[in-house]
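Here is what each chain is made of, one letter per residue.
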Amino acid sequence: MHGLSMTASLMLFWLMMSGDFGLLNLALGIASSLLVVAISTRMDVVDHESQPIHLTPRLPMYLGWLAVQVIKSNLAVTRCIWRSGQAISPDMIWLNLSQESVLGKVIYANSVTLTPGTVTLNIQDEVILVHTLTQSDSHTLQQGEMDNRVRNLECGCL
């Protein structure tokens, strides 16, 4: 199942990047995709982490929410810059992780880093170290909405 998903993803990427739907290009795309999947399978790297198809039903909702958070954070950082740094109050906090898998923890850490004004510095077992641009960012992360949304993405539970 994961190999099929990987083949479809690679083929879709091939088509998007080439934009050519000619017979030769399609044949080369299929052959390339199958070759990459065959090599990846032989290397034993095609699994639920390399192709997390179990996240597919919940992923669009999460990505939409994350996009809104990135836009809000961009505006907040812009306000800080316009105020000549008066609103900047850097902080470093440790946050508890509720994700059950390594993939869930990585998604959470990357989501934090993608959000302007916050950077993930370290992950240790069940905690994460985050640098924030403002105390407000620290407070928002401590409320745990992003953690809860990533946990919901990971397991479908609330």
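My aim in this report is to walk through the structure given alongside it, one point at a time. All values derive from a computational prediction rather than experimental measurement.

## Regarding the environment of E154
Alright, step 1. Position of E154 relative to the elements: it lies in helix α6 (residues 145-155).
Alright, step 2. Through-space distance from the C-alpha of E154 to that of K105 is 9.5 Å; in sequence the pair is 49 residues apart.

## Considering the pairing of strand β1 (residues 91-96)
Alright, step 1. Residue alternation in β1 divides its side chains into a buried set, D91, I93 and L95, and an unburied set, M92, W94 and N96.
Alright, step 2. Strand direction decides the pairing type here: β1 and strand β3 (residues 127-132), joined by six bridges, are antiparallel. By the bridge assignment, L95 is partnered in β3 with I128.

## A word on the pattern of salt bridges
If charged atoms from side chains of opposite charge come close, those side chains can pair.
Alright, step 1. Within the structure shown, the criterion is met by three salt bridges.
Alright, step 2. A salt bridge links E126 to K105, with the nearest nitrogen and oxygen atoms 3.0 Å apart. With E126 in the loop between β2 (118-124) and β3 and K105 in helix α4 (residues 102-114), the pair connects residues that are 21 residues apart, well separated along the chain.
Alright, step 3. With its nearest N and O atoms 3.8 Å apart, the salt bridge here joins R151 to D147. One end of the pair, R151, and the other, D147, are both in helix α6, four residues apart, so they sit about a helical turn from each other. In terms of burial, R151 and D147 fall into one category: buried.

## A word on the pairing of β2
Alright, step 1. The pairing of β2 with β3 spans six bridges and is antiparallel. From the neighbouring strand, V119 faces β3, where its bridge partner is H131.
Alright, step 2. Linkage of β2 to β3, two consecutive antiparallel strands, is achieved through a turn of two residues, within which D125 is found at a positive phi near 50°.

## Observations concerning helix α3 (residues 59-82)
Alright, step 1. With 24 residues, α3 should cover 34 Å at 1.5 Å per step; its first-to-last C-alpha distance of 34 Å lies within 8% of that length.
Alright, step 2. Listed as buried for α3 are Y62, W65, L66, Q69, S73, V77 and C80.
Alright, step 3. Elements in contact with the buried residues of α3: α4 and α6.
Alright, step 4. Looking one or two places after α3, you find S84, whose phi comes out positive at around 60°.

## Re helix α5 (residues 135-143)
Alright, step 1. Along α5, the residues that are buried comprise D137, S138 and L141. Here the buried residues of α5 occupy an arc of 100° about the axis, which is enough to place them on one side.
Alright, step 2. For α5, the elements touching its buried residues are β1, α4, β2 and β3.
Alright, step 3. Immediately downstream of α5, the backbone of G144 shows phi near 90°, a positive value.

## Notes on the side chain of T132
Alright, step 1. Residue placement: T132 occurs in strand β3.
Alright, step 2. Judged by relative accessible area, which is 0%, T132 ranks as buried.
Alright, step 3. Contact partners of T132, with chain neighbours within four places excluded, come to P90, D91, G117, T118, D137, S138 and L141.

## Considering the nonpolar core
Alright, step 1. Core analysis: the biggest nonpolar cluster contains 17 residues, and Y62, L95, Y108, I128, V130, L141 and M146 have the highest contact counts within it.
Alright, step 2. Within the residue set of this core, elements represented by two or more residues are α3, β1, α4, β3 and α6.
Alright, step 3. Excluding residues within four positions of it along the chain, I128 makes contact with I93, W94, L95, L97, Y108, A109, T120, N122 and I123.

Calculation notes
- Residues numbered from 1 in each chain as written.
- Predicted model: local features only at pLDDT ≥ 70, side-chain atom pairs only at ≥ 80, totals over all residues.
- Heavy atoms only, no water.
- Helix = DSSP H or I, 4+ residues; strand = E, 2+ residues; numbered from the N terminus.
- Buried < 20%, exposed > 50% of the residue type's maximum accessible area, 1.4 Å probe, protein only.
- Pairing = 2+ DSSP bridges.
- Salt bridge = Lys/Arg side-chain N within 4 Å of Asp/Glu carboxyl O.
- Expected span 1.5 Å × (residues − 1).
- Contact = heavy atoms within 4.5 Å.
- Arc of directions from axis to C-beta.
- Core = buried A, V, L, I, M, F, W, Y, C linked by side-chain atoms within 4.5 Å.

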